[in-house]
Amino acid sequence: FAKQYHVDIIPEIEMPGHSMAALVSYPELSCTGGPFTIPVKWNIQKEVFCAGNEKTFEFLEDVLSEVIELFPSKIIHIGGDECPKDRWKECPKCQVRIKENGLKDEYELQSYFIHRIENFLLTKNRTLIGWDEILEGGLAPNASVMSWRGVKGGIAAAKQGHNTVMTPSDYYYLDYYQGAPYLEPIAIGNGGVTSLKTVYDFNPVPSELTPTESKYIIGVQ
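My aim in this report is to walk through the structure given alongside it, one point at a time.

Definitions and cut-offs
Residues numbered from 1 in each chain as written. Predicted model: local features only at pLDDT ≥ 70, side-chain atom pairs only at ≥ 80, totals over all residues. Heavy atoms only, no water. Buried < 20%, exposed > 50% of the residue type's maximum accessible area, 1.4 Å probe, protein only. Helix = DSSP H or I, 4+ residues; strand = E, 2+ residues; numbered from the N terminus. Pairing = 2+ DSSP bridges. Right-handed = clockwise from strand over helix to strand, strands pointing away. Axes fitted to C-alpha atoms, helices over the stretch in contact; angles between N-to-C directions. Parallel < 35°, antiparallel > 145°, perpendicular 65-115°, else oblique. Left-handed = near helix turned anticlockwise from the far one by under 90°. Contact = heavy atoms within 4.5 Å. Nonpolar A, V, L, I, M, F, W, Y, C, P; charged D, E, K, R; others polar. Disulfide = S-S within 2.5 Å. Patch = residues over 30% accessible without salt bridge, like charges linked within 9 Å, V, L, I, M, F, W, Y side chains within 5 Å. Areas by Shrake-Rupley, 256 points an atom, 1.4 Å probe, with all protein chains shown as cover. Salt bridge = Lys/Arg side-chain N within 4 Å of Asp/Glu carboxyl O. Lys, Arg positive; Asp, Glu negative; His and termini not counted. Charge placed at Lys NZ, Arg CZ, Asp CG, Glu CD.

## Thoughts on the pairing of strand β3 (residues 127-131)
Among the 5 residues in β3, 4 count as buried, and that is most of the element. By the bridge criterion, 3 bridges tie strand β2 (residues 75-79) to β3 in an arrangement that is parallel. Across the sheet, residue H77 finds its bridge partner in β3, namely I129.

Next up, the structure:
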């Protein structure tokens, strides 16, 4: 239906963090082995996919293979945001992975993780997009970036020649309040206000970019 109207549906399968739903069912893919329960309220969880466990990558490749069958989109979103490194710092498997691959720290381990997933997607003729945290530790060669924590990530990605979608939360997050908070239903944006004027006035192409670099700002969300 979407294709009829020239719309690409881009699926997002979160990794390495925001993965509690998977880890509740497959605790062996975590660093600690669980058991886990689904939180009653949303928050950032320390439990993430174990980057030192080969079964993690087998699992995610299986999941992505099914996703690719369902969605014709050339772009697959892998999240990559809000992944605490606490468990990786304590995990023997993750530390072995860091040592064996000559990685500097857990941030480079996240980069290793994203690189592996990108390489797999490329074998399926798909490209990877992720939130601006995928810049940490080194950006995967063909990855595109969605800059949500302001515009700095988008500027950095564009300067490196990577396609970028500007999604800064202070301007484009419509789950923030859109007027005086005391007049509106509860919003997720921690009291932040994103008015229609704020959204409309935002220029997604930062002045810091040259005309050549600006071409890598391919859109907004």
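After that view, the rundown keeps rolling.
## Some remarks on the pairing of strand β4 (residues 144-147)
Covered by surrounding structure in β4 are S144 and M146 together with V145 and S147, the residues of both alternating faces. Two strands pair when backbone bridges link them, and β3 and β4 are joined in this way by 3 bridges, in the parallel orientation. Looking at β4, one finds that W131 is bridged to M146. Sheet topology note: the β4/strand β5 (residues 164-166) ladder contains 3 bridges and is parallel. By the bridge assignment for β5, S147 is matched with M166. For the handedness criterion, the β-α-β arrangement of β4, helix α6 (residues 152-159) and β5 is classed as right-handed.

## As for the packing of helix α2 (residues 54-70) against helix α5 (residues 106-123)
Helix-helix packing is characterised by the crossing angle of the two axes and by the distance between the axes. Put simply, α2 and α5 touch, their axes get as near as 11 Å, and they point 40 degrees apart. Between α2 and α5, the angle is such that the two are oblique. The element α2 and its partner α5 pack so that their crossing is right-handed. Contacts from E54, T56, F57, L60, E61, L64, S65 and I68 of α2 reach α5 at Y112, F113, R116, I117, F120 and L121. Taken together, the residues of the contact of α2 with α5 break down into 9 nonpolar, 2 polar and 3 charged.

## Some details on the state of the cysteines
This structure, assessed with the given rule, holds 0 disulfides. Cysteine C83 remains unbridged, with the sulfur of C31 as its closest cysteine sulfur at 9.0 Å. C83 gets classed as buried once you look at its relative accessible area, which sits at 7%. We note that C91 lacks a disulfide partner, and the nearest cysteine sulfur, in C31, lies 3.7 Å from it. For C91, a relative accessible area of 5% translates into the label buried.

## Thoughts on a negative patch on the surface
Among the surface-exposed residues, E58, D62, E66 and E69 lie close enough to one another that they form a single negatively charged patch. Looking at where E69 falls in the secondary structure, it is placed in helix α2.

## Thoughts on the pattern of salt bridges
Under the counting rule described, the total for this entry stands at 10 salt bridges. Across the pair R97 and E54 runs a salt bridge, and its minimum N-O distance is 2.7 Å. Here R97, found in helix α4 (residues 92-100), pairs with E54, found in helix α2; they are 43 residues apart in sequence, far enough to count as distant. Of the residues examined, R97 reaches a relative accessible area of 10% and is grouped as buried. The partner of D201 in a salt bridge is K197, with the nearest N and O atoms 2.7 Å apart. Of the two residues, D201 and K197 are both situated in helix α8 (residues 196-201); the distance of 4 residues between them amounts to about one turn of the helix. Overlapping salt bridges bring together D132, E133, E136 and R149 as one network.

## Observations regarding the sheet that holds β3
Here we have 6 strands laid out as an open sheet, ordered β1-β2-β3-β4-β5-β6, and parallel in their pairing. Where the open sheet ends on each side, the last strands, each with one partner, are β1 (12-15) and β6 (217-220). Averaged over all adjacent pairs, the angle separating strand axes in this sheet is 25 degrees, with direction ignored. Relative to β2, β1 runs parallel, the two sharing 2 bridges. Note on β2: the bridge partner recorded for M15 is G79. Against the sheet, α5 touches β1, β2 and β3, its axis set at about 150 degrees to β3.

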